[in-house]
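# Structure assessment
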Amino acid sequence: MPIVAMSAEADWVSRFADEVIAEAERRAPGEPIVCASGLSPSGPIHLGNLREVMTPHLVADEIRRRGHEVVHIISWDDYDRFRKVPAGVDSSWSEHIGKPLTSVPAPPGSAYPNWAEHFKAPMIAALAELGIEFRGISQTAQYTSGVYREQILFAMRERERIDAILDRYRTKDKPAAKQQQKLDETDAAAAQAAAEGSGAAGEDDGKAAAGYFPYKPYCSVCERDLTTVTAYDDDTTELSYTCACGHSETVRLAEHDRGKLVWKVDWPMRWAFEGVVFEPSGVDHSSPGSSFVVGGQIVKEVFGADQPIGPMYAFVGISGMAKMSSSKGAVPTPADALEIMEAPLLRWLYARRRPNQSFKIAFDQEIQRLYDEWDALHRKIGDGTALPADVAAHGRAVGTASGPLPVTPRPLPYRTLASIVDVTTGHDEQTLRILRDLDPEHPITSLDEVRPRLDRAERWITTQVPAEQRTRVRDEPATDILGSLGEGDRESLRLLLAGLGEHWSLDGLTSLVYGVPKIQAGLAPDAKPTPELKVAQREFFALVYRLLVGRDTGPRLPTLLLAVGADRVRELLGG
RNA sequence: GGGCCGCUAGCUCAAUGGCAGAGCUGCGGACUUUUAAUCCGUAGGUUCAGGGUUCGAGUCCCUGGCGGCCCA
């Protein structure tokens with residue numbers, strides 16, 4: 001049986017890898033291939049932004065699998081200005097608007113030294129869990145240490161040419177009235193924020209009354225970027241600016257490290273500086289005059305380098321996020337997703353769809369179906385019936401060139417685990433007891449066998465499932481119901497209670513609960529069900545559900561009974 | 001007004017220019033089956049429309065339609 005490894009590479013990732021390798025050979029033979037992502041830690045880095053990282057990660061990983069040297073850069077745009085105070089943060093933070101993100105205090109209660117670090121940290125942790133290797137580059141560190149000195153002086157010398165390029169796309173309203181971003185906290189915010197992935201689309205491009213300057217200093221007194229360059233001398237590199245705070249001064253750009261190139265120049269400068277061959281961007285960069293389009297001209301005409309291969313990626317949506325997010329004033333992040341699903345599943349969601357396809361990440365019941373699909377795919381991989389594209393996506397999900405990601409040794413269905421922790425409310429002993437009885441042939445002896453999936457399911461149940469869909473076992477017997485029961489119902493409960501002791505196992509209770517209506521109908525316990533009997537069984541189940549959980553339905557009865565415990569069952573059923 | 005992307009089974013999506021395929025849903029069957037239990041089987045198509053290139057087009061080109069998004 002020949003291995004079909006070749007066909008496994010027939011997916012979008014592989015195609016980009018082909019293209020990137022060929023282009024890298026042409027541009028810089030023998031050099032490590034550079035793939036890049038840009039993230040702005042201006043707020044929670046969410047699941048839309050993860051696509052900014054996952055897309056080059058998957059491509060870089062494929063390139064590495066093929067034996068090429070490759071580096072995945074994540075550029076932290078933490079020297080960008082603080083644009084607005086997000087909902088939920090004290091309005092006094094507005095005094096920091098205009099400062100670099102690394103100069104803004106972290107939100108109250110944070111353990112991190114500044115705003116940018118506060119939001120970078122959980123993303124870094126999530127990337128580690130996802131098996132994403134990268135080299136992080138802080139733009140604050142780069143700019144303030146003068147790494148870009150030559151590039152900045154060069155861009156200033158070439159400012160007229162840059163201005164001319166930008167001018168091709170400027171329309172009547174010059175420095176467009178930007179800001180005014182929607183402040184929706186709904187799902188729209190997730191999509192909206194995704195647009196900010198690698199820098200704001202509508203940023204000030206550097207046009208000022210005194211001419212065009214691609215460099216914007218941060219004020220040396222108030223630290224904000226409310227500055228206007230008033231003069232620049234190419235020979236002395238003396239740059240004069242005034243600030244809205246009243247400060248004005250003249251600095252020598254050749255030794256000034258408190259400012260940055262405007263975004264539309266900054267981005268192409270870094271393409272050239274790092275030799276980036278692959279860097280995706282959000283769909284908002286696809287219009288004429290966008291950073292990516294303009295950047296492509298600037299990098300070529302000014303910096304003399306090539307634009308990266310840059311697919312546009314579509315939005316990542318969320319389905320059914322519980323209230324949690326809106327109260328936090330935040331959209332779900334990779335860390336949030338990893339609380340309810342394992343890393344390979346999350347990787348799979350990004351690997352199976354081409355970047356230009358939008359998709360949703362399920363925080364609602366859909367996650368159960370998704371997990372079923374994932375498990376089914378795993379089985380099909382095992383028996384060789386999976387489609388090539390599915391094989392490829394699966395392979396990229398479960399591991400990287402560095403090796404496989406952690407797995408759950410006994411991957412029980414997610415819906416089963418969720419249902420169990422629902423009724424046991426996370427009580428480990430009860431959970432283990434039920435799990436042990438699930439498959440007597442191969443009993444589960446430790447919760448570790450079903451972890452981490454069990455923990456994810458538990459987290460999902462407790463944080464995402466609405467209370468009305470949870471199972472809540474009654475605290476007190478439903479005396480009103482018990483008091484109004486007819487003789488038939490009373491007898492059925494007596495029969496059930498009488499059999500509890502000797503049938504206390506999943507199988508035992510299964511035959512007991514189905515058997516009670518049979519005995520009542522005068523049938524043998526192993527009798528074949530008739531339509532009438534099925535109705536009687538259903539009615540009996542509903543009665544027990546009402547008495548135990550106050551509703552007509554619930555988790556399968558044997559499971560529920562085991563979870564509730566014999567004593568409590570007797571109490572609630574009036575025994 | 002300009003641009004980017006998409007349009008394939010009821011739904012979500014596959015398919016190097018080479019026999020249009022999966023999953024879910026539906027339907028049928030098995031199971032003593034219960035918040036969407038599981039297994040087996042099966043149906044399902046004018047690939048948005050029209051034109052062009054080609055031995056051959058879901059795929060490439062042109063025109064139009066619809067949808068999403070971005071810029072204005």
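Calculation rules
Residues numbered from 1 in each chain as written. Chains lettered and ligands numbered in written order. Predicted model: local features only at pLDDT ≥ 70, side-chain atom pairs only at ≥ 80, totals over all residues. Heavy atoms only, no water. Helix = DSSP H or I, 4+ residues; strand = E, 2+ residues; numbered from the N terminus. Buried < 20%, exposed > 50% of the residue type's maximum accessible area, 1.4 Å probe, protein only. Contact = heavy atoms within 4.5 Å. Areas by Shrake-Rupley, 256 points an atom, 1.4 Å probe, with all protein chains shown as cover. Phe/Tyr/Trp six-rings, centres within 6.5 Å; stacked < 30°, edge-to-face > 60°. Core = buried A, V, L, I, M, F, W, Y, C linked by side-chain atoms within 4.5 Å. Pairing = 2+ DSSP bridges. Axes fitted to C-alpha atoms, helices over the stretch in contact; angles between N-to-C directions. Parallel < 35°, antiparallel > 145°, perpendicular 65-115°, else oblique. Left-handed = near helix turned anticlockwise from the far one by under 90°. Expected span 1.5 Å × (residues − 1). Nonpolar A, V, L, I, M, F, W, Y, C, P; charged D, E, K, R; others polar. Polar contact = N/O pair within 3.5 Å; in protein donor to acceptor, adjacent residues only side chain to side chain. Right-handed = clockwise from strand over helix to strand, strands pointing away. Salt bridge = Lys/Arg side-chain N within 4 Å of Asp/Glu carboxyl O.

## Some thoughts on the overall build of chain A
- Within chain A, the regular secondary structure consists of 23 helices and 16 strands.
- Burial analysis of chain A (575 residues in total) assigns 50% to the buried set.
- By sequence separation, contacts in chain A at least 24 residues apart represent 71% of the contacts at least 6 residues apart.
- A total of about 25700 Å² of accessible surface is found on chain A, and carbon and sulfur atoms cover 52% of it.

## Considerations on unusual backbone geometry
- With an omega of 5°, the peptide bond running from arginine 451 to proline 452 counts as cis.
- One can find proline 452 in the loop between α16 (428–438) and α17 (453–464).
- In this model, glutamate 223 sits at a positive phi of 70°, which is unusual for a non-glycine residue.
- Checked against the element boundaries, glutamate 223 lands in the loop between β6 (215–217) and β7 (227–232).
- Positive phi, normally seen in glycine, also occurs at threonine 237, with a value near 60°.
- For threonine 237, the location among the structural elements is in the loop between β7 and β8 (238–243).

## A closer look at the packing of aromatic side chains
- Taken as a whole, this structure holds 20 aromatic pairs when the rule is applied.
- Note on tryptophan 267 and tryptophan 271: the rings are 4.8 Å apart at their centroids and 50° apart in plane angle, and the pair reads as tilted. Within this pair, tryptophan 267 and its partner tryptophan 271 are both found in helix α8 (residues 263–274), separated by four residues, close to a single helical turn.
- Using a relative accessible area of 1% as the deciding quantity, one classes tryptophan 267 as buried.
- The exposure class assigned to tryptophan 271 is buried, which follows from its relative accessible area of 1%.
- Feature note: the residues Tyr79, Tyr143, Tyr148, Tyr218 and Phe273 constitute an aromatic cluster, connected by ring pairs.

## Things to note about the nonpolar core
- Counting 105 residues, the largest nonpolar core has Leu47, Leu50, Leu346, Tyr350 and Ile361 as its most contacted members.
- In contact with leucine 50, not counting residues within four places along its chain, are Met123, Leu127, Leu130, Pro334, Leu346 and Tyr350.
- Of all hydrophobic cores here, the second largest spans 42 residues; its members include Tyr215, Val229, Tyr241 and Val294.

## Points about the sheet that holds β7
- Spatially, β7-β8-β9 is the arrangement adopted by the three strands of the open sheet, whose pairing is antiparallel. Edge positions in the open sheet fall to β7 and β9 (248–252), since each of these has one partner strand only. Taken pair by pair, the neighbouring strands of this sheet meet at an average axis angle of 30°, ignoring direction.
- Of the pairings in the sheet, the one linking β8 to β9 comprises five bridges and is antiparallel in character. Pairing of glutamate 238 across the sheet is with arginine 252, part of β9.

## Quick look at the packing of helix α12 (residues 343–352) against helix α14 (residues 388–398)
- At a closest axis distance of 8 Å, the pairing of α12 and α14 adopts a crossing angle of 140°. The pairing of α12 with α14 is recorded here as oblique in orientation. The two elements α12 and α14 meet at a crossing, and its hand is right-handed. The segment α12 lies against α14, with Pro344, Arg347, Trp348, Ala351 and Arg352 engaging Ala393, His394, Arg396, Ala397 and Val398.

## A look at the sheet that holds strand β3 (residues 135–138)
- Sheet architecture is open: three strands sit in the order β1-β2-β3, paired in parallel fashion. A single partner strand is all that each edge strand has here, and the edge strands are β1 (33–39) and β3. Neighbour to neighbour, the strand axes of the sheet diverge by 25° on average, direction disregarded.
- Pairing of strand β2 (residues 70–76) with β3 involves four bridges; the strand directions are parallel. Bridge pairing in β3 links isoleucine 74 to glycine 136.

## Description of helix α1 (residues 12–27)
- Helix length check: α1, at 16 residues, gives a terminal C-alpha distance of 22 Å against a target of 22 Å (1.5 Å per residue), a fit within 8%.
- Taken as a whole, α1 has its buried residues at Trp12, Val13, Ser14, Phe16, Ala17, Val20, Ile21, Glu23 and Ala24.
- Of the surrounding secondary structure, the elements contacted by the buried residues of α1 are β1, α2 (47–65), α12 and α14.

## Focus on the packing of helix α15 (residues 414–424) against α17
- Interaxial distance between α15 and α17 falls to 8 Å at its minimum, and their mutual angle equals 60°. Accordingly, the angle class assigned to the pair α15 and α17 is oblique. Here α15 and α17 pass one another in a crossing that is right-handed. Facing α15, whose interface residues are Tyr414, Leu417, Ala418, Val421 and Asp422, α17 presents Arg453, Leu454, Arg456, Ala457, Glu458, Trp460 and Ile461.
- In the contact of α15 with α17, the residues fall into eight nonpolar, no polar and four charged.

## Section: the environment of glutamate 249
- The topology assignment puts glutamate 249 in strand β9.
- The exposure class assigned to glutamate 249 is partly exposed, which follows from its relative accessible area of 25%.
- As for glutamate 249 and proline 332, which are separated by 83 residues in sequence, their C-alpha atoms are 43 Å apart.
- Excluding its chain neighbours within four sequence positions, the residues that come into contact with glutamate 249 are Ser220, Leu239, Ser240 and Tyr241.
- A polar side-chain atom of glutamate 249 sits 2.5 Å from a polar atom in the side chain of tyrosine 241.

## Some words on the pairing of β1
- Here β1 lies mainly inside the structure; seven of its seven residues are buried.
- Going residue by residue along β1, you find Ile33, Cys35, Ser37 and Leu39 tucked away on one face and Val34, Ala36 and Gly38 tucked away on the opposite face as well.
- Between the parallel elements β1 and β2, the chain passes through α2 in a crossover that is right-handed.

## Let's talk about the pattern of salt bridges
- Applying the stated criterion across every chain, the model contains 39 salt bridges.
- The closest approach of N and O atoms between aspartate 18 and arginine 66, which form a salt bridge, is 2.6 Å. Separated by 48 residues along the polypeptide, aspartate 18 in helix α1 and arginine 66 in the loop between α2 and β2 bring together distant segments of the chain.
- Residue classification places aspartate 18 among the partly exposed residues on the basis of a relative accessible area of 41%.
- The class of arginine 66 is partly exposed, set by a relative accessible area of 28%.

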